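# Geometric and topological summary
Chain by chain, the residues run as shown.
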Amino acid sequence: MLRQAAVAGQFYPRDRDDLHRQVTSFISLEATPQGVFGAMVPHAGYIYSGAVAGAVFSRIEIPAQVVILGPNHHGLGHAGAVFAAGGWQTPLGTTPVAASLAADILAHCPRLNADSLAHRHEHSLEVQLPFLQVLRRDVEIVPICLGHLGLDDLLAIADGLAAVCARQSQPPLLLASSDMSHYEPGAVARRKDRLAIDRILALDPEGLYRTVRRERISMCGVLPTVVLLAAGTRLGAGRAELVRYANSGDVTGDQSDVVGYAGITIL
């Protein structure tokens, strides 16, 4: 199945050359890419969060396969939806799904199901793809969309995902797609987001889940990030680094009502 681009012309340019220029403008040639277990990357419109996303991708050595974990903003489809075969299209071309890896993940993660409906309109995974396409043309992906899952389910998915990754001769990169606080004054967003970021930097998936719930932090990708942290620690990750933090007000000049963006690598 070919998954057509759903948000080209909205979150990022529809024109191929314009998109390539914009993505490359966010990539730093001064950064030294390195191998990492995973990363958390924002997924807003590129004009707002592209610089944060680019700062993260600039530091990552992209392997042949990438598992992209994103939240389900629309509530469609299965709560743990894997796009299991076919390809994903953007103006830069079509990227194949790593069907064998997807099948292995489904076999080891009974809480996940093969389901394309959850992905049909979801932007959180799609906006990561042009960065991957620019940085590694032959990359393959496994898109996973998560919604309405409890902590036990998320940790079980992480266990299965880690088991699959550990069996690979070249483990896939794990990407969690998430923005931070939504529609708060800048100072409030920074305070709340710091609480969540501290738990991520501590590699504490349970603490992140509970902190976001307790403090009512509107971090839309908390579920994918919990899975990333839990899988990363099971695979031997020892630290996390905050690459950049910003909010939409840094672009608009209006800090009265912002969305926060954090870029973090898991090493």
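Residues numbered from 1 in each chain as written. Predicted model: local features only at pLDDT ≥ 70, side-chain atom pairs only at ≥ 80, totals over all residues. Heavy atoms only, no water.

In the nomenclature of an unreviewed UniProt entry, the protein chain corresponds to MEMO1 family protein C2E25_14345 from the organism Geothermobacter hydrogeniphilus. As recorded by UniProt, the Sequence similarities (unreviewed entry) comment attached to the protein chain reads in full: "Belongs to the MEMO1 family." (UniProt positions renumbered as here; feature names shortened; annotations may be inferred.)

With nine of its nine residues buried, strand β12 (residues 258-266) lies for the most part within the structure. As defined by bridge partners, strand β2 (residues 38-41) adjoins β12 across three bridges and the pair is classed as antiparallel. Bridging from a neighbouring strand, Ala39 pairs with Thr265 of β12. Looking at chain direction, strand β10 (residues 182-184) and β12 are connected through two bridges and run antiparallel. Within the sheet, the bridge partner assigned to Glu184 lies in β12 and is Val258. Sheet topology places strand β11 (residues 240-247) next to β12; seven bridges connect them, and they run antiparallel. (Buried < 20%, exposed > 50% of the residue type's maximum accessible area, 1.4 Å probe, protein only. Helix = DSSP H or I, 4+ residues; strand = E, 2+ residues; numbered from the N terminus. Pairing = 2+ DSSP bridges.)

Let us now look at the environment of Gly263. Mapping Gly263 onto the fold places it in strand β12. Owing to a relative accessible area of 0%, Gly263 belongs among the buried residues under this scheme. Between the alpha carbons of Gly263 and Pro110 there is a distance of 30 Å; along the sequence they are 153 residues apart. Those residues in contact with Gly263, other than ones at most four positions away along the chain, are Met40, Val52, Val56, Glu241, Leu242, Val243 and Arg244. (Contact = heavy atoms within 4.5 Å.)

Attention shifts here to the packing of helix α1 (residues 16-26) against helix α2 (residues 46-57). The contact between α1 and α2 brings their axes to 8 Å, and the two run at 50°. Judged by the inter-axis angle, α1 sits oblique to α2. When α1 is examined against α2, the residues Leu19, Gln22, Val23 and Phe26 are found in contact with a partner set consisting of Tyr46, Gly50, Ala51, Gly54 and Ala55. Among the residues making up the contact of α1 with α2, the classes are represented as six nonpolar, three polar and no charged. (Axes fitted to C-alpha atoms, helices over the stretch in contact; angles between N-to-C directions. Parallel < 35°, antiparallel > 145°, perpendicular 65-115°, else oblique. Nonpolar A, V, L, I, M, F, W, Y, C, P; charged D, E, K, R; others polar.)

The sheet built from three strands is open, its strands ordered β1-β5-β6 with mixed pairing. Lying at the two open borders of the sheet, with one neighbouring strand each, are β1 (2-3) and β6 (93-96). When β1 meets strand β5 (residues 87-90), the two strands line up parallel, connected through two bridges. Within the sheet, the bridge partner assigned to Arg3 lies in β5 and is Trp88.

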